[in-house]
Amino acid sequence: MFKVLTRSCNLLLAQTIKHSTCTTVNLYSTIAAGALTRLKMSEEKPIIVFVLGGPGAGKGTQCAKIVERFGFVHLSAGDLLREERAREGSEVGALIEDYIRNGKIVPVEVTCSLLEAAMNKSDKNKFLIDGFPRNQDNLDGWNRQMSEKVDFQFVLFFNCSEDVCVDRCLNRGKSGSGRSDDNMESLKKRIQTYNNDSLPIIKHFEELGKVKQIDASPSSDEVFSKVEEVFVQSGF
């Protein structure tokens, strides 16, 4: 399609040069160049960085800093699911609530559809996908539905001890996070799910050389200094 449009634009310019004034030539040249630029931009795939780590590892905090510093759009799989759960008239709201409350992973078709819709609504081209893929089913579903549509860069992995993660989540709950899973009962299930299902996904990407690991235990500013190095070295 790009080659066809290029030939058409060149023909249009040749005809214009033959029959029109310099002003008209410049006008058509600008229009043709703009058309080619828009087509090229439309063919660019969204740039994707997966952000993974245990509950309470600080993924959301660090994503906010990356957005401000590097101009990414932060898409939290968990936030999108919670928004859909709360949306009046949602056909999958009750299903999402049941999975979240029990520390289980929501079916991949639901999550991928919400992520894709959010990307399509955005006018930007760089996305942090926070908390996804969380298990093999997530990864397989993503590969089926999205892998050919995006430019995947790497996994940003926030590695943090279980004790620190639990303390952060409980304090977040006490501070009024409004999250139904910021309690000890749900946390135990979430951590078990993370250890059983998510860590193997991180190891899979490690074998592909696609993981940038960050120690998430220090303060958020200290952690971000390391995050910043990763993104700068990656060309952002």
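An unreviewed UniProt entry lists the protein under the name UMP-CMP kinase, with Musca domestica given as the organism. Per its UniProt entry, the protein bears the Function (unreviewed entry) comment "Catalyzes the phosphorylation of pyrimidine nucleoside monophosphates at the expense of ATP. Plays an important role in de novo pyrimidine nucleotide biosynthesis. Has preference for UMP and CMP as phosphate acceptors." Under the UniProt heading Sequence similarities (unreviewed entry), the note attached to the protein is "Belongs to the adenylate kinase family. UMP-CMP kinase subfamily."

A.B. asks: Explain the overall build of the protein to me, please; I cannot follow it from the model alone.
C.D. replies: Each helix and strand counted, the protein has 10 helices and five strands in total. The buried share among the 236 residues of the protein stands at 39%. Across the protein, every contact between residues at least 6 apart in sequence was considered, and the portion connecting residues at least 24 apart equals 75%. Counting every atom, the protein has about 13200 Å² of accessible surface; 51% of that belongs to carbon and sulfur.

A.B. asks: Where do I start with unusual backbone geometry in this structure?
C.D. replies: Excluding glycine, residues mostly have negative phi values, and the peptide bonds linking residues are mostly trans. Cis geometry is adopted by the peptide bond preceding Pro133, which originates at Phe132 and carries an omega value of 0°. Structurally, Pro133 can be placed in the loop between strand S3 (126–130) and helix H7 (136–145).

A.B. asks: Could you clarify how one ought to interpret the nonpolar core in this entry?
C.D. replies: What tends to happen in soluble globular proteins is that the nonpolar side chains get buried as a cluster. Counting 32 residues, the largest nonpolar core has Ile48, Phe50, Phe132 and Trp142 as its most contacted members. Among the elements that take part in this core, helix H6 (residues 108–121) stands out by supplying seven residues, more than any other. Setting aside residues up to four positions removed in sequence, Ile48 forms contacts with Met119, Phe127, Ile129, Trp142, Val150, Asp151, Phe152, Gln153 and Phe154. Core analysis: the second largest hydrophobic core is formed by 20 residues, Val51, Phe70, Phe158 and Ala216 among them.

A.B. asks: What is the right way to look at helix H10 (residues 220–233) in this model?
C.D. replies: Taking 1.5 Å per residue, 14 residues should reach 20 Å; H10 reaches 20 Å between its end C-alpha atoms and fits that length. Among the residues of H10, those classed as buried are Val223, Phe224, Val227, Val230 and Phe231. In an axial view of H10, the angular spread of the buried residues amounts to 110°, which keeps them on one side of the axis. Among the exposed residues of H10, those oriented more than 90 degrees off its buried face are Asp221 and Gln233. Contacts made by the buried residues of H10 are with strand S1 (47–53), helix H3 (59–70), S3, strand S4 (151–159) and strand S5 (211–215). Count one or two residues on from H10 and you reach Gly235, which has phi positive near 90°.

A.B. asks: Mind showing me how you'd approach the packing of aromatic side chains here?
C.D. replies: Centre distance and the angle of the planes are the two values used to describe a pair of aromatic rings. Per the stated rule, a full pass over the model turns up 11 aromatic pairs. A centroid spacing of 5.1 Å and a plane angle of 35° characterise the contact between Phe50 and Phe152, whose relative ring orientation is tilted. One end of the pair, Phe50, is in strand S1; the other, Phe152, is in strand S4, and 102 residues separate them in sequence. Taking relative accessible area as the criterion, Phe152 reaches 23% and is therefore assigned partly exposed. Feature note: the residues Phe50, Phe132, Trp142, Phe152 and Phe205 constitute an aromatic cluster, connected by ring pairs. Over the ring of Tyr99 we find Lys104, and its NZ or CZ is 4.7 Å from the ring centre. For the cation-ring pair, Lys212 lies above Phe154, with the distance from its terminal atom to the ring centre recorded as 5.8 Å.

A.B. asks: Would you take a moment to explain the UniProt feature "binding site: CMP" (unreviewed entry) in the protein for this structure?
C.D. replies: Mapped onto this numbering, the UniProt entry annotates "binding site: CMP" (unreviewed entry) at Asn138. Along the chain, the position of Asn138 falls in helix H7. Among the residues examined, Asn138 registers a relative accessible area of 2% and is labelled buried. Those residues within four positions of Asn138 in sequence are excluded, and the remaining contacts are Ile105, Val106, Val108, Phe132 and Pro133.

A.B. asks: How should I be thinking about the pairing of S3 in this particular structure?
C.D. replies: Put simply, side chains in a regular strand alternate between the two faces of the sheet. Within S3, four of the five residues are buried, which leaves it mostly tucked inside the rest of the structure. Pairing analysis gives five bridges linking S1 to S3, with the strands arranged parallel. Residue pairing for S3: Val49 is matched across the bridge by Leu128. Relative to S3, strand S2 (residues 73–76) runs parallel, the two being bridged by four bridges. The residue bridging Val73 from the neighbouring strand is Phe127, located in S3.

Rules of the game
Residues numbered from 1 in each chain as written. Predicted model: local features only at pLDDT ≥ 70, side-chain atom pairs only at ≥ 80, totals over all residues. Heavy atoms only, no water. UniProt positions renumbered as here; feature names shortened; annotations may be inferred. Helix = DSSP H or I, 4+ residues; strand = E, 2+ residues; numbered from the N terminus. Buried < 20%, exposed > 50% of the residue type's maximum accessible area, 1.4 Å probe, protein only. Contact = heavy atoms within 4.5 Å. Areas by Shrake-Rupley, 256 points an atom, 1.4 Å probe, with all protein chains shown as cover. Core = buried A, V, L, I, M, F, W, Y, C linked by side-chain atoms within 4.5 Å. Expected span 1.5 Å × (residues − 1). Arc of directions from axis to C-beta. Phe/Tyr/Trp six-rings, centres within 6.5 Å; stacked < 30°, edge-to-face > 60°. Lys NZ or Arg CZ within 6 Å of the ring centre and 35° of its normal. Pairing = 2+ DSSP bridges.

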